[in-house]
Amino acid sequence: MSIDSLTTLLREVHQEVRTHRYTHALTIIRDAKIIDLHNLYLLALEQFVAALPSPESPEFSAQRFAEDEQLLALLIDRAVNDRSRRDTRRTEGSVMPDERTIALERIKNQYFRRTDQFIEAKEFGRALEEIQRIAFFDPENIVVKEYQQKIAQLAELHRKA
């Protein structure tokens, strides 16, 4: 992936977050992560977007959204700069991700997509089951923990409605 491709993807992420389409933003971030597995800022960006409160949430406010948008822009800038920095330092002996690692990331992305589909369908129990499958592959994944909390919050909001 070129730096231009990453920049384009991350602009799309920013636009999706602006319109509160967090699920689509996460999908784009996960696609970028498959291609640039060593970019720690993409992981931070994924965690950040996964934790954003939905507009229906009591935690949401215009001021917080403006602050979150500034942080998002900073994370995107850092992700692009990190890729650029690593590209300039790249040597012939640099380690590229192996096929197993890439395959594992793709499997996790499929589970995340299904989780997002269940959330959109308000099938929170099934969403929780799907996110647990990722925990099997990656038990320390912070995004999984964020998703579990978000699903619990959404289920609670749905019960109250």
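Residues numbered from 1 in each chain as written. Predicted model: local features only at pLDDT ≥ 70, side-chain atom pairs only at ≥ 80, totals over all residues. Heavy atoms only, no water.

Novice: An account of the overall build of the protein is needed here, citing residue identities and associated values.
Specialist: Counting secondary structure elements, the protein contains 7 helices and 0 strands. When the helices and strands of the protein are listed from N to C terminus, the series reads α-α-α-α-α-α-α. Here the C-alpha radius of gyration of the protein, 16 Å, is about what a compact globule of 161 residues would show, namely 15 Å. Projected onto its principal axes, the C-alpha coordinates of the protein cover approximately 55 × 35 × 20 Å. Per-residue burial over the protein gives 39% buried out of 161 residues. Counting contacts in the protein only where the partners sit at least 6 residues apart, residues at least 24 apart contribute 68% of the total. Carbon and sulfur atoms form 53% of the exposed surface of the protein, whose accessible area is close to 9,500 Å². Charged side chains in the protein number 24 positive and 27 negative. The centres of these two groups are separated by 1 Å. (Helix = DSSP H or I, 4+ residues; strand = E, 2+ residues; numbered from the N terminus. Rg over C-alpha atoms; globule rule 2.2 N^0.38 Å. Buried < 20%, exposed > 50% of the residue type's maximum accessible area, 1.4 Å probe, protein only. Contact = heavy atoms within 4.5 Å. Areas by Shrake-Rupley, 256 points an atom, 1.4 Å probe, with all protein chains shown as cover. Lys, Arg positive; Asp, Glu negative; His and termini not counted. Charge placed at Lys NZ, Arg CZ, Asp CG, Glu CD.)

Novice: Can you tell me about the packing of helix H2 (residues 22–35) against helix H3 (residues 40–50), naming the residues and giving the values?
Specialist: The packing of two helices is summarised by the inter-axis angle and the distance between the axes. It is at 10 Å that the axes of H2 and H3 come closest, and there the two elements cross at 165 degrees. By the criterion of interaxial angle, the relationship of H2 to H3 is roughly antiparallel. Crossing hand, H2 versus H3: left-handed. Residue-level inspection shows Tyr22, Ala25, Leu26, Ile29, Arg30, Ala32 and Lys33 of H2 in contact with H3, the latter providing Leu42, Leu43, Leu45, Glu46, Val49 and Ala50. Each residue belonging to the contact of H2 with H3 can be placed in one class, and the counts come to 10 nonpolar, no polar and 3 charged. (Axes fitted to C-alpha atoms, helices over the stretch in contact; angles between N-to-C directions. Parallel < 35°, antiparallel > 145°, perpendicular 65-115°, else oblique. Left-handed = near helix turned anticlockwise from the far one by under 90°. Nonpolar A, V, L, I, M, F, W, Y, C, P; charged D, E, K, R; others polar.)

Novice: Could you give me a rundown of the nonpolar core, with the residues and numbers involved?
Specialist: Leu10, Val13, Val17, Leu45, Val49 and Tyr147 are the most contacted members of the largest nonpolar core, which totals 36 residues. Among the secondary structure elements, those contributing two or more residues to this core are helix H1 (3–18), H2, H3, helix H4 (62–89), helix H5 (99–120), helix H6 (124–137) and helix H7 (142–160). For Val13, the contacting residues outside a window of four places in its chain are Ala25, Ile28, Ile29 and Leu45. (Core = buried A, V, L, I, M, F, W, Y, C linked by side-chain atoms within 4.5 Å.)

Novice: How would you summarise empty space enclosed by the protein if you had to cite specific residues and measurements?
Specialist: The tally for this structure, following the rule as stated, stands at 1 cavity of 30 Å³ or more. The space that makes up the largest cavity amounts to roughly 30 Å³. If one sorts the elements of the lining of the largest cavity by residue count, H4 sits on top with 3 residues. Taken together, the residues of the lining of the largest cavity break down into 5 nonpolar, 1 polar and 2 charged. (1 Å grid on protein atoms, 1.4 Å probe; cavity = no way out; pocket = protein on both sides within 12 Å on 5 of 7 lines; lining within 4 Å. Points joined across faces, edges and corners; volume = space filled by probe spheres on them.)

Novice: Break down the environment of Ala32 for me, with residues and values.
Specialist: Turning to its location among the elements, Ala32 is positioned in helix H2. What makes Ala32 buried here is its relative accessible area of 0%. Once the C-alpha coordinates of Ala32 and Leu43 are considered, the two residues, 11 residues apart in sequence, prove to be 10.0 Å apart.

Novice: Which residues make up the pattern of salt bridges, and what values go with them?
Specialist: Within the structure shown, the criterion is met by 14 salt bridges. One salt bridge in this structure joins Glu16 and Arg21, with 2.6 Å as the shortest N-O distance. Using a relative accessible area of 40% as the deciding quantity, one classes Arg21 as partly exposed. Put simply, Arg114 and Glu130 hold a salt bridge, and the shortest N to O gap is 2.7 Å. With a gap of 16 residues between them, Arg114 in helix H5 and Glu130 in helix H6 connect regions that are remote in the sequence. According to the relative accessible area criterion, Glu130 is buried, its value standing at 5%. Connected through shared salt-bridge partners, Arg30, Lys33, Glu46 and Asp116 make up one network. (Salt bridge = Lys/Arg side-chain N within 4 Å of Asp/Glu carboxyl O.)

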